[in-house]
Amino acid sequence: MNVLSTKTQDEPKLLAPEELTNPTWSSRLTEVVTAAISTRGLRRLGVALGVYVVCLGLFALLVLSQKANPFGVFNSIFQSALFSNGSIPEVILRAVPIVLAALAVSVPARAGLVNVGGEGQLIMGAVAATGVGVYLGNSVPGFIGWICMGVAGFGAGAVWGGLAGLLRVLVNANEAVTTLLLNFIANDTMLYLLYQPWKDPTGGGQPESRPLSSHEVLPRLFGSSINLGVIIAMVAALVVWYLLKRSGWGFALRVVGGNQQAASRAGLPVNRLRISSMAVGGGLAGLGGMLYLAGTQLQLLPGGTATYGYIAFLAAFLGRHDPFKVVLAGLLFAAIAVSAPGLQLSYGLDGNVVDALLAFIVVAPLVLSSRRKGAF
Amino acid sequence: MNGFEQALTTGIEGGTIILYPALGELIGERAGVVNLGMEGCMLAGALSAFAVGAITGSAWLGVLAGIGGGAVVGLAHAWLVVKRHADQLASGLVLWFLALGLTSVLGANYVSQTVTPLPVINVTGLSAIPWIGPIFFEHDSLVYISYFLVPLIGWALYRTRIGLVLRATGERPEVVSVAGRRPELVQMGAVVLGAALAGIGGAQLSVGYVDNWFDDMTNGYGFIAVAVVLFAAWRPWLVMIGAYLFGVALAAAGVLQAHGIEVNQYVLDALPYFVTLVALVALGRSGGSRAPEGLTKALTNSS
């Protein structure tokens, strides 16, 4: 008000009567709107915080029901994720398949497609990499082996994801449904191979593949347990970020996802874009499966992916398909997954308790993200 | 009993575990809501049924508790999806993880306990029929109830007003709304009812089939149920056939191996999924899938 009054005193003759009243009116309006926005914003923030507190409180109750100290449990999760010896590298290694499979959800999401098939694409990537890795054995130098395995993993994932894209385009089979079915076919394919043709004859009858030869294993870096796979995954995430945010392809995907008819009228190759988004997504997950195999597992094992594909779907949801946030969500879930054995050891809680924690974290945005339409 | 007959008998018994949640998924999807959390509903049902069965000594009280356990998870899904308009796929997956975590922790004490299972009843007269008798009429009561449930649901969906409203809700909720019904209530009811059926499936597993509780015991049955509904193209009778097909495929390898025929279990396991995929493609080619319109919308807009 002061500013206005000095203004009117400085240039009294230039102001018409309505201009005199207008600033006060509009400034009042601005004041009211700002106040409304900030209370609404504050209320929203308050509600969000409240929901998270309730969710974590429910988890604490669950822990209490098992006569464990919730503060101790939360502390133990933090310790195993951040502070204990070698914890950060372990979280990062675990995040490799989760983050890549989550990006595999986010890329097709740009084109309006739903990829629930991260699990199957991870598995196929690991299966293809195992096939190539065991076949090559010691016959080629390490880096050629890595390239061949990486290409095989990416390719197998791309085929698995691209198949769903192809079915969507050709026969309008919903990709959310076909990718889900393909997960089970992938898992059964892996188990078939592990129980018969690929079973390690020296493995004591266990259903596991022959281990990769030692120089095919991705080398460790900086004297830590971090391996080359982490770097490759980071580069892949950066490439995805560039493709989605900066490239023409990413822009075209967004147009297709926004309005398919407009996209096809504008001359975009809609079908090709949709298939390619599924193939690239599947390839990313396949690469994740290959990196996890060649960096961490070192041989194909049943249940090796441990539902990471589904966790990744939730990570992509939590990160709202924004590459940067998806990576953060993937790291968070990896940290939670890593904390399971510690909780089992120190508190006697079943290791699956971390699944409940993960769920409580994702339930909060589900409760909040209501797209409220008009009342029915 | 020869190997083939035994495979079919076990297939019916195991198929019933799939049939209940598949019928539940059918009801929900007909109302336009997909529930990927069927696995979670089954786990909740299986643990509630086993716990109550072990404590009270009555498997039937256990089955009732199983219905309740499944319904609670279903209510959470219904609330998130219908009232909060949350992403259907994400909500289902979250509830699966939630139920997996909760049942693993809460059920830890029940792992080595025992329960009096649902008794196997041989239907007088019918079980004496050669072939058909032992395959269809030497099971526990939940299997027989499912024989009646399938035509009942078919009748309710196609011949009653509530079935009409439910199907209309799955196609065009706004029309139902204009007609003076409340589509939100219909959807919530359908999801909760479906989840309760999944709870029975879980009970059939824990107090009817294996008479035991261990964590993650449903081992994918809930996801198979979702696949069966796709296989059946949202038809109750085909859901029954699909459930038995998956059930036989899961049981066959073990039984055949016991009779000295070597087959790889996992080739058989993959077969029904493959058939489902082919069925989807065939349906798609023959002029679009018959999915409820609201369901297709929910699956496309969800990202």
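Owing to the predicted nature of the structure, the values given are computational and were not obtained by experimental measurement. (Residues numbered from 1 in each chain as written. Chains lettered and ligands numbered in written order. Predicted model: local features only at pLDDT ≥ 70, side-chain atom pairs only at ≥ 80, totals over all residues. Heavy atoms only, no water.)

A. Inspection of the overall build of chain B at higher detail. The number of helices and strands found in chain B is 13 helices and two strands. Since a compact globule built from 303 residues should have a radius of gyration of about 19 Å, the 19 Å found for chain B is in line with a globular shape. Oriented by its inertia axes, the alpha-carbon framework of chain B measures out at about 60 × 45 × 35 Å. Within chain B, buried positions represent 60% of all 303 residues. Summed over all atoms, the accessible surface of chain B reaches about 11,400 Å², with 66% contributed by carbon and sulfur. One way to put it: in chain B the 13 positive side-chain charges average out to a point 21 Å from where the 17 negative ones average out. (Helix = DSSP H or I, 4+ residues; strand = E, 2+ residues; numbered from the N terminus. Rg over C-alpha atoms; globule rule 2.2 N^0.38 Å. Buried < 20%, exposed > 50% of the residue type's maximum accessible area, 1.4 Å probe, protein only. Areas by Shrake-Rupley, 256 points an atom, 1.4 Å probe, with all protein chains shown as cover. Lys, Arg positive; Asp, Glu negative; His and termini not counted. Charge placed at Lys NZ, Arg CZ, Asp CG, Glu CD.)

B. Region of interest: the side chain of Glu25 of chain B. All names here are of chain B. Its location among the elements puts Glu25 in helix α1 (residues 3-30). A polar atom in the side chain of Glu25 sits 3.0 Å from the backbone nitrogen of Asn35. Setting aside chain neighbours within four positions, we find Glu25 in contact with Val34, Asn35, Met38, Val226 and Val229. (Polar contact = N/O pair within 3.5 Å; in protein donor to acceptor, adjacent residues only side chain to side chain. Contact = heavy atoms within 4.5 Å.)

C. Expanded view of the nonpolar core. Of all hydrophobic cores here, the largest spans 197 residues; its most connected members are Phe59, Leu100, Phe313, Leu314 and Phe333 of chain A together with Leu89 of chain B. Here this core gathers at least three residues from each of two domains, domain 1 (2-7 + 16-65) and domain 2 (87-338) of chain A. The residues touching Leu100 of chain A, leaving out its near neighbours within four places in the chain, are Ala95, Ala233, Ala236, Leu284, Ala285, Leu287, Gly288 and Leu291 of chain A. Ranked by size, the runner-up nonpolar core spans six residues in total, among them Val33, Ala78, Met188 and Val191 of chain B. (Core = buried A, V, L, I, M, F, W, Y, C linked by side-chain atoms within 4.5 Å. Domains from an automatic or database assignment.)

D. Structural view of a nonpolar patch on the surface. There is a patch of nonpolar side chains on the surface, built from Phe222, Ile231, Met234, Val235 and Val239 of chain A and spanning about 510 Å² of accessible area. Among the secondary structure elements, Val235 of chain A is positioned in helix α8 (residues 228-245). (Patch = residues over 30% accessible without salt bridge, like charges linked within 9 Å, V, L, I, M, F, W, Y side chains within 5 Å. Salt bridge = Lys/Arg side-chain N within 4 Å of Asp/Glu carboxyl O.)

E. Summary view of the interface of chain B and chain A. On the side of chain A, 52 residues touch chain B, which itself brings 48 residues to the contact. The junction of chain B with chain A conceals about 4,600 Å² of combined surface from both sides, 75% of it contributed by carbon and sulfur atoms. Taken together, the connections running from chain B to chain A amount to zero salt bridges. Put simply, chain B and chain A have four residue pairs in polar contact (both at pLDDT 80 or more) between them. Counting residues per element, the ones that place at least two in the side of chain B that touches chain A are α3 (59-83), α4 (88-106), α8 (173-178), α9 (183-209), α10 (221-231), α12 (265-285) and α13 (293-300) of chain B. It is α4 of chain B that contributes the most residues to the side of chain B that touches chain A, 14 residues altogether. Within the side of chain B that touches chain A, the residues separate by chemical class into 30 nonpolar, 12 polar and six charged. (Buried area = accessible area lost by both parts, 1.4 Å probe. Nonpolar A, V, L, I, M, F, W, Y, C, P; charged D, E, K, R; others polar.)

F. Seen up close, the domain arrangement of chain A. Its domain assignment divides chain A into domain 1 (2-7 + 16-65) and domain 2 (87-338). Between domain 1 of chain A and domain 2 of chain A, the C-alpha centre-to-centre distance is 42 Å.

G. How the structure looks around the packing of α1 of chain B against α9 of chain B. All names here are of chain B. Close contact between α1 and α9 brings their axes to 6 Å; oriented N to C, the two are set at 165°. Between α1 and α9, the angle is such that the two are roughly antiparallel. In the packing of α1 onto α9, the handedness of the crossing is left-handed. Contacts between α1 and α9 involve Thr10, Glu13, Gly14, Thr16, Ile17, Tyr20, Pro21, Leu23, Gly24, Ile27 and Gly28 from the former and Ala190, Leu193, Gly194, Leu197, Ala198, Ile200, Gly201, Gln204, Leu205, Gly208 and Tyr209 from the latter. Of the residues in the contact of α1 with α9, the class split is 12 nonpolar, nine polar and one charged. (Axes fitted to C-alpha atoms, helices over the stretch in contact; angles between N-to-C directions. Parallel < 35°, antiparallel > 145°, perpendicular 65-115°, else oblique. Left-handed = near helix turned anticlockwise from the far one by under 90°.)

H. Summary view of empty space enclosed by the protein. All names here are of chain A. A complete count under the given rule lists four cavities of 30 Å³ or more for this structure. One number sums up the size of the second largest cavity: a volume of about 60 Å³. Along the walls of the second largest cavity sit Pro97, Leu122, Ala126, Met190, Gly289, Tyr292, Gln297, Leu300, Leu301, Gly304 and Thr305, which together make up its complete lining. Mapped by element, the contributors of at least two residues to the lining of the second largest cavity are α5 (118-136) and α11 (270-297). It is α11 that provides the largest number of residues to the lining of the second largest cavity, a total of three residues. In the lining of the second largest cavity, the residues fall into seven nonpolar, four polar and no charged. (1 Å grid on protein atoms, 1.4 Å probe; cavity = no way out; pocket = protein on both sides within 12 Å on 5 of 7 lines; lining within 4 Å. Points joined across faces, edges and corners; volume = space filled by probe spheres on them.)

I. Representation of the pattern of salt bridges within the structure. Residues and elements named next belong to chain A. Counted under the stated rule, the structure contains five salt bridges over all chains. For Arg94, the salt bridge is made with Glu90, and the minimal N-O distance between the two is 3.5 Å. One end of the pair, Arg94, and the other, Glu90, are both in helix α4 (residues 87-110), four residues apart, so they sit about a helical turn from each other. Given the relative accessible area of 18%, Arg94 is considered buried. Ionic pairing is found between Asp322 and Lys245, a salt bridge with its closest N-O pair at 2.9 Å. With a gap of 77 residues between them, Asp322 in the loop between α12 (308-318) and α13 (323-338) and Lys245 in helix α8 connect regions that are remote in the sequence.

J. Structural context of the state of the cysteines. Applying the stated criterion to the full structure yields zero disulfides over all chains. Free of any disulfide, Cys55 of chain A has its nearest neighbouring cysteine sulfur in Cys41 of chain B, separated by 18 Å. (Disulfide = S-S within 2.5 Å.)

K. Focus on the environment of Val226 of chain B. Positionally, Val226 of chain B belongs in helix α10. Non-local contacts of Val226 of chain B, meaning those with residues more than four positions away in its chain, are made with Leu180 of chain A together with Glu25, Glu29, Asn35 and Leu36 of chain B.

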